[in-house]
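# Structural overview
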Number of protein chains: 2
Amino acid sequence: MFNTSEEIVSFKELINLLLKRNIKKRIAIVWPEEKHTQEAVILAVKKGFIDPILICSQSVANKFSTDNLFKCYVETDPIKAARKAVDLVRIGEAEAIMKGFVSTDILLKAILDKENGILPKETVMTHITVAEIPNYKRLLVFTDSAVIPFPTDKQREQQIKYVVEICHKFQIKEPKISLIHCSEKVDKRHFPYTEHYVILKEKCQKGEFGSCIIDGPLDLKTSCSLEALQYKLIKSPINGEANALIMPNIEAGNIFYKTITLFSKAETAAILQGPLVPIILTSRGDSITTKLNSLALATLISDKHGI
Amino acid sequence: MFNTSEEIVSFKELINLLLKRNIKKRIAIVWPEEKHTQEAVILAVKKGFIDPILICSQSVANKFSTDNLFKCYVETDPIKAARKAVDLVRIGEAEAIMKGFVSTDILLKAILDKENGILPKETVMTHITVAEIPNYKRLLVFTDSAVIPFPTDKQREQQIKYVVEICHKFQIKEPKISLIHCSEKVDKRHFPYTEHYVILKEKCQKGEFGSCIIDGPLDLKTSCSLEALQYKLIKSPINGEANALIMPNIEAGNIFYKTITLFSKAETAAILQGPLVPIILTSRGDSITTKLNSLALATLISDKHGI
């Protein structure tokens, strides 16, 4: 097996890793009726890390099916396209799903369907973003900015497991995971989850999450800046070099995501974890680059041959 | 009266406004035993918009009392210094308070003291930040990143009143105030406060908050970017030009504050509103510029002759 032991610190390196290792995944694109999705898919195909399966209208199929790099299934509407994508996952034909010009509700309905869906019982589904922020020297993985409003203890524990898995795929041997709060104090009365943070640290020390370092409560600055940590006279094994942030609630996760993309020129990729395969839930406003990055992330996560 | 009708869009303009209008306030500095606080105070004195009252140790008093621009009261410890500052507000000698090398707890204890404190009964105390973010064309006022964990309806209403007052002092005639949420949908079940957002908009339309525009729920991007608003095919009178953000909870407010200062090179100023006078709660890691900006903000807010 090809061996690269360097940590992946940018999306460019992520794509290069896929190419070096010849990792290529079959990704179902649900209703790719607009240009941004099509262009991102074309780019990923050209780079060579996806085999796309377009589930699309007849007219889009006419455009793409002449090229044998694109497999097409014709459907008459987005609802049927979403169901078809889920079916392709169930029979093993698709290894990830990307949302095109279809509402998130429609796609989620097909994924969550109790009879024909692809979310195993008792499985936590959560949204994970990976960000490349100028002036931060590593990729920053965080959850959840879009799905779980106020994570329960169980959900938070599962979020950590997903995040550790992604960091390991980025070849980070001992990822540093910060449990985010507005301060560094445990405050059972106002913020019960900070008490759970202590339990999570203990579980980490017992090895329950595999190879990783967990600390918290820490705020964004003490998580991501050694200088800020030292100013506050705090010591933390994260050392201002967090690889991942577990957010206290969706409002914090969402505003973090929106702020780094609007005001810090961050590039991002995002997927849903929990279903049988990674789901790319892009949104209308996402750039082609974001969609390409998300395709690369889904391809890496979908790869079972590990680091 | 000096008339300038231009909106204040930067801290430089804020300080210039104070100087143009000869606004100068007596500010009690609680235990200014470290350099950053001293330097910020000296700068503000040189610029000419504060009359400082240092409540300090004998050695600091020895250093400053030779200069008659600095009034000094000697105390033996930070607890007494905090009480003294509050007393000076009660007798009308101090028009704002700035925290020096004293813990927030100690200062708040003196402010909140039921017998001798300066927070009127039933008054909501909340933390307000003003940010100057590169590439955003106006100052952005937001609350609350430090005091109220999960605002009640009543607290949120009072936050709006404080924020409107500050925006008016910035000479913004009809400030645009966005009620922040992770999406633009009212969701009573998961996020009861989004239902209250609707009521707040109605109250605004009835004129209960004075001259301002309120809209929400909106996320950070649809609040602050017209492009993002248009991508989502949403219309809002805020038009991507929010002057102020009311945060859903302290975690969102705190991570927004930390992110813009760590990753977006934002300059900030922050005060507590609610007590009889503005309180500057700087923190150890704050730059001299942040402390100077906060002194300027407190001076403006403390001025009763404003617009």
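Keep in mind the model is a prediction, meaning the values are calculated, not measured.

## Here's the deal with the domain arrangement of chain A
Residues and elements named next belong to chain A. Assigned domains within chain A: domain 1 (22–123 + 275–306) and domain 2 (125–270). When each unit is reduced to the centre of its C-alpha atoms, the spacing between domain 1 and domain 2 is 28 Å. Each partner contributes residues to the interface: domain 1 has 21 residues there, and domain 2 has twelve residues. In this assembly, domain 1 packs against domain 2 so that about 1300 Å² is buried in total across both faces, 60% of it on carbon and sulfur atoms. Area buried by domain 1 at its contact with domain 2 is led by L297, L300 and I301, which between them contribute 35% of it. For the interface between domain 1 and domain 2, the tally reads zero salt bridges. Our enumeration of links across domain 1 and domain 2 arrives at four residue pairs in polar contact (both at pLDDT 80 or more). Among the secondary structure elements, those contributing two or more residues to the side of domain 1 that touches domain 2 are α5 (104–112), β11 (279–280) and α11 (288–302). Among the residues forming the side of domain 1 that touches domain 2, the class breakdown is ten nonpolar, seven polar and four charged.

## Quick notes on the UniProt feature "domain: Phosphate acetyl/butaryl transferase" (unreviewed entry) in chain A
In the numbering used here, UniProt assigns the feature "domain: Phosphate acetyl/butaryl transferase" (unreviewed entry) to residues 81–298 of chain A. Structurally, residues 81–298 of chain A comprises 39% helix and 17% strand, and the distance from its first C-alpha atom to its last is 20 Å.

## Overview of the pattern of salt bridges
Enumeration according to the criterion identifies 26 salt bridges over all chains in this entry. Taking the shortest distance from any N to any O, the salt bridge between K25 of chain B and D303 of chain B comes out at 3.3 Å. Here K25 of chain B is found in strand β1 (residues 25–30), whereas its partner D303 of chain B is found in the segment after α11 (288–302), with 278 residues between them in sequence. Relative accessible area serves as the criterion here: at 8%, K25 of chain B is assigned to the buried category. Judged by its relative accessible area of 7%, D303 of chain B falls in the buried class. Salt-bridge contacts for K232 of chain B lead to E184 of chain B; the nearest nitrogen and oxygen are separated by 2.9 Å. Taken as a pair, K232 of chain B in the loop between α9 (226–231) and β9 (244–246) and E184 of chain B in the loop between β7 (176–180) and α7 (192–205) lie far apart in primary sequence, 48 residues in all. Here K232 of chain B falls in the partly exposed class, since its relative accessible area comes to 35%. Among the ionic contacts, a cluster of salt bridges with common partners joins K25, R26, E95 and D303 of chain A.

## A word on the side chain of S264 of chain B
Within the fold, S264 of chain B resides in the loop between α10 (250–263) and β10 (267–273). Those residues in contact with S264 of chain B that sit more than four places away from it in its chain are F263 and S264 of chain A together with I133, P134 and T259 of chain B.

## A look at the relation of the copies chain B and chain A
Once turned by 180° and shifted 0.0 Å along the axis, chain B lies on chain A with an RMSD of 0.0 Å. This pairing of chains is accounted for by a two-fold axis. For chain B, the smallest separation between a C-alpha atom and the rotation axis is recorded for A252 of chain B, amounting to 2.0 Å. When the interface residues of chain B are mapped onto chain A, 100% of them are again interface residues, pointing to one common binding face.

## Quick word on the packing of helix α1 (residues 11–20) of chain B against α11 of chain B
All names here are of chain B. Running from N to C, α1 and α11 point in directions that differ by 45°, and their axes come no closer than 10 Å. Judged by the angle between their axes, α1 and α11 are oblique. Remark: the crossing between α1 and α11 carries left-handed chirality. Counting all contacts with α1, which are made through F11, L14, I15, L17 and L18, the residues of α11 involved are L292, N293, A296, L297, T299 and L300. Its residues placed into classes, the contact of α1 with α11 shows nine nonpolar, two polar and no charged.

Criteria and cut-off values
Residues numbered from 1 in each chain as written. Chains lettered and ligands numbered in written order. Predicted model: local features only at pLDDT ≥ 70, side-chain atom pairs only at ≥ 80, totals over all residues. Heavy atoms only, no water. Domains from an automatic or database assignment. Contact = heavy atoms within 4.5 Å. Buried area = accessible area lost by both parts, 1.4 Å probe. Salt bridge = Lys/Arg side-chain N within 4 Å of Asp/Glu carboxyl O. Polar contact = N/O pair within 3.5 Å; in protein donor to acceptor, adjacent residues only side chain to side chain. Helix = DSSP H or I, 4+ residues; strand = E, 2+ residues; numbered from the N terminus. Nonpolar A, V, L, I, M, F, W, Y, C, P; charged D, E, K, R; others polar. UniProt positions renumbered as here; feature names shortened; annotations may be inferred. Buried < 20%, exposed > 50% of the residue type's maximum accessible area, 1.4 Å probe, protein only. Least-squares fit on C-alpha atoms with pLDDT ≥ 70 in both. Axes fitted to C-alpha atoms, helices over the stretch in contact; angles between N-to-C directions. Parallel < 35°, antiparallel > 145°, perpendicular 65-115°, else oblique. Left-handed = near helix turned anticlockwise from the far one by under 90°.

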